[in-house]
Amino acid sequence: MKLDREIDRILEEVNCLAKQQGKLTGFCIGNTRKVNATGMYFSPIRNTTKLVAGSAIVYEVAQAESIARLIDGRVDYVLVDTEKKISPERYGGQNVGNVERAVREIVRASKILTYKGNDLTVDSIEGLVVEVLSSHPRGLSGKKAAIIGAGNLGSKLALKLVERGMNVTITRRDREKLDTVVAALNFIKPLETIAKVSGSTDNLAAAKGADLLIGLTDGSPVISAEMIETLAPGAVLVDAGKGCFLPEAISLAERNDIPIYRADIRAGFEGHIGIALGTEHIVLRSLGRKEINGVHVVSGGLLGRMNEVVVDNVHDPRYVYGLANGVGDFIRVLDIDQKERIQIIQQYIVSRDDQ
């Protein structure tokens, strides 16, 4: 099917759903280093609380450019994966994987929002793990996790899990790189975190006694039946790299009625889109400073100057948060003049509500 016809079909469905549900429209342009046999492909329509979006995964900047030309002005938002995952070695020295820049140079009518595909995937996996293991009195704390494949995704997930109190073992073939990643993660984690990250080049040894086994290779089947047999009782299995389990491992899990979870990015996508739209709203509609009845007010994340009253929205204030101390925090003990500043703004809000 030609690209333009497929885009037309997707946009028709997106706009129909958005109109029915009173939502915004969008189209996601993602990129990945994991090559699909069919080349560029379209992923399912994403229907979030505020936005309905079509989605395509590209392998070349030229593909992103073609899609951008076809969708510009036909959706409210073009959402671009800003991570640089397209290899210049694969597509030539001039193709540095900068999909975001290429799309920005084309899109003029729609608004552009960016996201990081790996981050929303990691957030989705973390959310799944927390939910599945939430029945334990200590949650994840004290449990052991084994992450098979410590690339970008695996390393980010390892940090999140060790911060939750899990002892995490990560694996990769290159021992030198593995040691570097392990040292970095243990250095970054909070000093108060007792749990640690360790590394292994032996997948079976990493899996031994683990309460959580996550496959995060690039789709290469590496998790064996033997690895599953060595896990702790009641262990949770996650195929986050799509295709990480060998057939015999899947058969063993099925015979023992052990579910194998996969990375469902809907929750992560919902969260990231909410952050992007929410931040846009704050910057465009509430950020600023002005004077109200002789009192200086500030809102929307600007660093408050000394004695400025911090409100939710200087353009339409509804809440007073406090009085800025000029260095990024609030004044905790107010004098008479400072209390009066706050009272003036609170009275202003009340008088507007009464009108």
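Described in the following lines is the structure provided in the data block. (Residues numbered from 1 in each chain as written. Predicted model: local features only at pLDDT ≥ 70, side-chain atom pairs only at ≥ 80, totals over all residues. Heavy atoms only, no water.)

Turning our eyes to something else, we now look at the overall build of the chain. Secondary structure assignment for the chain yields 12 helices and 15 strands. The principal-axis extent of the C-alpha atoms belonging to the chain is close to 75 × 55 × 40 Å. Within the chain, the proportion of its 355 residues that are buried is 44%. Accessible surface, the chain as shown: approximately 18700 Å² in total, 51% of it carbon and sulfur. Taking the average location of the 45 positive side-chain charges in the chain and that of its 45 negative ones, the two points are 1 Å from each other. (Helix = DSSP H or I, 4+ residues; strand = E, 2+ residues; numbered from the N terminus. Buried < 20%, exposed > 50% of the residue type's maximum accessible area, 1.4 Å probe, protein only. Areas by Shrake-Rupley, 256 points an atom, 1.4 Å probe, with all protein chains shown as cover. Lys, Arg positive; Asp, Glu negative; His and termini not counted. Charge placed at Lys NZ, Arg CZ, Asp CG, Glu CD.)

So, on to the sheet that holds strand S11 (residues 260-262). Here we have six strands laid out as an open sheet, ordered S8-S7-S6-S9-S10-S11, and parallel in their pairing. The sheet is open, and its two edges are formed by strand S8 (197-200) and S11, each paired on a single side. For this sheet, the mean angle separating the axes of adjacent strands, direction not counted, is 20°. Here strand S7 (residues 167-171) pairs with S8 via four bridges, running parallel. Within S8, the residue paired with Val168 across the bridge is Val197. (Pairing = 2+ DSSP bridges. Axes fitted to C-alpha atoms, helices over the stretch in contact; angles between N-to-C directions.)

This part takes up the packing of helix H5 (residues 117-132) against helix H11 (residues 266-286). H11 packs onto H5 with a crossing angle of 120° between their chain directions and a minimal axis gap of 7 Å. One way to sum up the angle between H5 and H11 is to call them oblique. When the axes of H5 and H11 are compared, the crossing they make is right-handed. Listed contacts from H11 to Asp119, Leu120, Asp123 and Ser124 of H5 are Ala267, Gly268, Phe269 and His272. Residue classes in the contact of H5 with H11 are distributed as three nonpolar, three polar and two charged. (Parallel < 35°, antiparallel > 145°, perpendicular 65-115°, else oblique. Left-handed = near helix turned anticlockwise from the far one by under 90°. Contact = heavy atoms within 4.5 Å. Nonpolar A, V, L, I, M, F, W, Y, C, P; charged D, E, K, R; others polar.)

Here the focus is helix H6 (residues 152-163). Within an α-helix, residues lying three or four positions from one another point in the same direction, as the helix has 3.6 residues per turn. The end-to-end C-alpha separation of H6 is 17 Å, in line with the 16 Å expected for 12 residues at 1.5 Å each. For H6, the full list of buried residues reads Gly154, Ser155, Leu157, Ala158, Leu159, Leu161 and Val162. Where the residues of H6 are buried, they touch H5, strand S6 (144-148), S7, helix H7 (175-188), S8 and strand S9 (212-215). Just beyond H6, the residue with positive phi is Gly165, at close to 100°. (Expected span 1.5 Å × (residues − 1).)

Taken as a whole and assessed by the stated rule, the structure comprises 17 salt bridges. Here Glu13 ties to Arg9 by a salt bridge, and the two come within 3.8 Å at their closest N and O atoms. With Glu13 and Arg9 both in helix H1 (residues 3-21), this residue pair falls four residues apart, about one helical turn. With a relative accessible area of 38%, Glu13 lands in the partly exposed category. (Salt bridge = Lys/Arg side-chain N within 4 Å of Asp/Glu carboxyl O.)

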